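A structural walkthrough
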Amino acid sequence: MALCGCGRDSITADRRRFLTWAALGGGAALLGAGAPGRAWGAAKANYFLLNCIDYRLTAATTRYMGQRGLTGDYDQLILAGASIGVVTDRQPDWAATFWQTLDLARQLHGVSHLIVLEHRDCGAYALVLGEDFAKHPAAETRIHAEMTGKLAGLLRQRHPKISFEAQLMALDGTVERLSAA
Ligand SMILES: [Zn+2]
């Protein structure tokens, strides 16, 4: 039975799109093996942005990247909680998605710098840690520094050549840099 009521054609189209994507990834891997450090084709982006799904900060996130002059120079993965979505044991599929996507971005576009953009009053943090940090800004900053620090450690093991930075956005869109805990 079709899940979406849109029938077999749609499933076939989805499968075709997946195969195209897989072929692209496979091609990039082969090219990468022959030409280390080269991005696939002419496409090039230096940055990879990981940020949270929170709808309140979608526009502010795009604005922030633009203010840094990075428009058109970054790939982006949106994952609930940003770093905690990757480092928590509760969502191993999310971590796998993050690492696979980062690998692909590196192969396709040659990304060499990871920006993790956390935010205050994050529901994913409250959900995973069972604690609402929004009322305690100093503790909130510390816990974001701790989680992004864990992610930085994992990145060093997996991709020592990719540089790392962590930022924390307030609900008014202002951003402060996090230092590793
Ligand atoms: Zn969030």
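Refer to the structure printed above.
The following refers to the structure shown. Since the structure is predicted, the reported quantities are computational estimates derived from the model, not experimental observations. (Residues numbered from 1 in each chain as written. Predicted model: local features only at pLDDT ≥ 70, side-chain atom pairs only at ≥ 80, totals over all residues.)

Attention now goes to the overall build of the protein chain. For the protein chain, the count of helices and strands is six helices and five strands. Order of helices (α) and strands (β) in the protein chain, N terminus to C terminus: α-β-α-β-α-α-β-α-α-β-β. By the burial criterion, 29% of the 181 residues in the protein chain qualify as buried. In the protein chain, 76% of the contacts between residues at least 6 apart in sequence involve partners at least 24 apart. (Helix = DSSP H or I, 4+ residues; strand = E, 2+ residues; numbered from the N terminus. Buried ≥ 20, exposed ≤ 12 C-beta atoms within 10 Å, placed from the backbone. Contact = placed C-beta atoms within 7 Å.)

Spanning 18 residues, helix 4 (residues 92-109) covers 25 Å between terminal C-alpha atoms, matching the ideal 26 Å at 1.5 Å per step. Three or more residues of helix 4 are buried, namely F98, L102, A105, R106, Q107, L108 and H109. (Expected span 1.5 Å × (residues − 1).)

As judged from the four bridges shared by strand 4 (residues 163-169) and strand 5 (residues 175-178), these two strands associate in the antiparallel manner. Bridge pairing in strand 5 links A166 to L178. Between the end of strand 4 and the start of strand 5, which pair antiparallel, lie five residues, with G173 showing a positive phi angle near 90 degrees. (Pairing = 2+ DSSP bridges.)

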